[in-house]
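# Remarks on the overall topology
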Amino acid sequence: MPLATLDRTPPPFFKQGPSAFTRLMFFSALAVFLMVADARWKMTQPLRAVVATMLQPVQEVLMAPARWWDTAGHYFSGLDAAKQSQLAAQRLVAQQSERVMRADQLERENARLRGLLALRPRIEVASMAAEILYDAPDPFTRKVVIDQGSASRVVLGAPVIDEAGVLGQVTRVYPLTSEVTLVTDKDAAVPVVNVRTQQRGVAYGTPQAHGMELRFMAGNADVQVGDVLQTSGLDGVYPAGLPVAKVLQVDRRADSAFARITLAPTANPDSTRHVLLLEPTASKMPERPADAAASASAVDASGRHGKGHHAAKAASGAKP
């Protein structure tokens with residue numbers, strides 16, 4: 001068969017139609033047209049809604065296992081947390097019950113002792129709320145300024161406390177503000193008593209370490225780390241029983257007769273904003289009823305004794 005008679009046209013399967021460049025331009029123009037039409041006239045929005053509605057059941061079925069797994073995980077974790085909370089609540093209830101029983105017993109014992117010893121009742125002092133404005137500008141002292149002054153009847157020496165314990169004492173009063181010297185100041189001194197041993201002492205401020213020291217305690221004094229110190233009330237300024245500090249370290253040195261006792265104040269002025277001002281207890285010390293009655297009885301008895309003595313002498317005719 002001669003070569004010139006061969007059919008050189010490709011079979012129908014391999015016929016490509018328009019060229020690749022022509023089809024690229026056509027479909028690109030169509031894509032741009034569809035994007036512009038969808039952006040301006042929302043032409044594909046109904047189609048999207050129909051497709052989303054049709055695919056919603058399929059989506060729910062495919063997401064069901066993941067949701068079941070998450071629900072089961074949350075259930076078991078919540079069950080464990082509930083069990084832990086129940087155990088903690090039971091322990092807390094047991095502790096509170098024991099504390100309430102001990103408090104009732106101590107209250108009854110306290111009432112009996114006060115009745116037997118004729119102790120005067122606890123002194124009630126007036127209080128006033130105040131807010132810390134700023135620290136004093138003196139870098140060598142530990143002082144703060146509060147927003148209450150002499151116009152609010154603030155007096156010198158008024159104790160200042162917060163929810164944790166003793167914060168300081170009013171040392172300067174202005175008409176609208178007052179200056180409070182903190183317990184960590186180098187000039188601050190608070191008479192304290194050890195709650196565990198009832199041993200009295202004086203806590204001094206150490207501004208370098210923002211702490212306190214229990215000075216002039218013998219080297220063999222019964223002081224342990226963790227002991228709580230409260231106000232003794234002997235100075236006539238601080239009411240008795242206010243938390244002051246906790247023993248942080250006890251250094252019993254052989255070359256000194258006194259122990260070096262470092263304290264951590266219970267109140268933190270750096271994180272405190274609202275405080276409470278108390279009236280000094282010396283201005284509220286009531287007269288003891290037993291002392292007043294004893295004085296009156298002594299005066300009455302001396303008067304009756306003197307009258308009886310003179311009457312006896314007059315009756316016997318003796319010279320006075």
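On a predicted model such as this, the values are computed, not experimentally measured, just so you know.

Helix and strand counts for the chain stand at three helices and twelve strands. Within the chain, buried positions represent 23% of all 320 residues. In the chain, the share of contacts with a sequence separation of at least 24, taken over all contacts with a separation of at least 6, comes to 55%. For the chain, the exposed surface amounts to about 22,800 Å²; the carbon and sulfur share of it is 62%.

Bringing the sheet that holds strand 9 (residues 228-231) into the picture now. What the six strands build is a closed barrel, ordered 6-7-8-11-10-9; its pairing is antiparallel. Within the sheet, the average angular offset between the axes of one strand and its neighbour, ignoring direction, is 40°. Bridging between strand 8 (residues 211-215) and strand 11 (residues 260-265) involves three bridges; their strand directions are antiparallel. Following the sheet pairing, methionine 212 is matched in strand 11 by leucine 263.

Ordered by their spatial adjacency, six strands build a closed barrel running 1-2-5-4-3-12, and the pairing between neighbours is antiparallel. Sheet twist, expressed as the mean angle between neighbouring strand axes with direction ignored, is 45°.

So, about the pattern of salt bridges. Inspection of the entire model under this criterion finds nine salt bridges. In this structure, arginine 273 and glutamate 131 form a salt bridge, with 2.7 Å as the shortest nitrogen-oxygen distance. Taken as a pair, arginine 273 in the loop between strand 11 and strand 12 (274-278) and glutamate 131 in strand 1 (residues 127-135) lie far apart in primary sequence, 142 residues in all. The class for glutamate 131 is partly exposed, based on a relative accessible area of 21%. Between arginine 215 and glutamate 213 there is a salt bridge, with its nearest N and O atoms 3.4 Å apart. What makes arginine 215 partly exposed here is its relative accessible area of 31%. When its relative accessible area of 15% is taken as the criterion, glutamate 213 is described as buried. Linked through salt bridges whose partners overlap, the residues forming this network are Arg196, Asp222 and Asp227.

Judged by nonpolar contacts, the single largest core of 22 residues is most densely connected at Val166, Val192, Met212, Leu214, Val244, Ile261 and Leu263. Among the elements of the structure, strand 6 (189-194), strand 8, strand 10 (243-251) and strand 11 are those that each provide at least two residues to this core. Of the residues forming this core, the biggest block, three residues, is contributed by strand 10. Not counting residues within four places of it along the chain, the set of residues in contact with valine 192 comprises Gln199, Arg200, Gly201, Val202, Ala203, Leu214, Leu229, Gln230, Thr231, Ser232 and Val244.

The next point concerns the pairing of strand 12. Note: strand 1 against strand 12, five bridges, orientation antiparallel. Counted as the bridge partner of methionine 128 is leucine 277 from strand 12. In the sheet, strand 3 (residues 159-161) pairs with strand 12 via two bridges, with the strands oriented antiparallel. By the bridge assignment for strand 12, valine 160 is matched with leucine 277.

With that settled, the discussion passes to the confidence of the model for the chain. With 79% of its residues at a pLDDT of at least 70, the chain reaches an overall mean of 80. The model gives residues 285-320 a pLDDT under 50, and that stretch makes eleven contacts with residues more than four places away or in other chains.

As paired strands, strand 10 and strand 11 are joined by six bridges and run antiparallel to one another. In the strand pairing of strand 11, aspartate 251 is matched with arginine 260.

What follows deals with unusual backbone geometry. Even without being a glycine, arginine 153 presents a positive backbone phi close to 65°. You can see arginine 153 is positioned in the loop between strand 2 (143-146) and strand 3. For arginine 153, a relative accessible area of 76% translates into the label exposed. Even without being a glycine, phenylalanine 216 presents a positive backbone phi close to 55°. Mapping phenylalanine 216 onto the fold places it in the loop between strand 8 and strand 9.

The next subject is the environment of alanine 282. Along the chain, the position of alanine 282 falls in the loop between strand 12 and helix 3 (289-316). Each C-alpha atom, one on alanine 282 and one on glycine 236, is 4.4 Å from the other, the two residues being 46 residues apart in sequence.

All right, on to the environment of lysine 246 then. One can find lysine 246 in strand 10. For the pair lysine 246 and leucine 263, spaced 17 residues apart in sequence, the C-alpha to C-alpha distance is 5.5 Å. Leaving out residues up to four positions away in the same chain, lysine 246 has contacts with Gly226, Asp227, Val228, Thr262, Leu263 and Ala264.

So, how was this worked out
Residues numbered from 1 in each chain as written. Predicted model: local features only at pLDDT ≥ 70, side-chain atom pairs only at ≥ 80, totals over all residues. Heavy atoms only, no water. Helix = DSSP H or I, 4+ residues; strand = E, 2+ residues; numbered from the N terminus. Buried < 20%, exposed > 50% of the residue type's maximum accessible area, 1.4 Å probe, protein only. Contact = heavy atoms within 4.5 Å. Areas by Shrake-Rupley, 256 points an atom, 1.4 Å probe, with all protein chains shown as cover. Pairing = 2+ DSSP bridges. Axes fitted to C-alpha atoms, helices over the stretch in contact; angles between N-to-C directions. Salt bridge = Lys/Arg side-chain N within 4 Å of Asp/Glu carboxyl O. Core = buried A, V, L, I, M, F, W, Y, C linked by side-chain atoms within 4.5 Å. pLDDT = per-residue confidence, 0-100.

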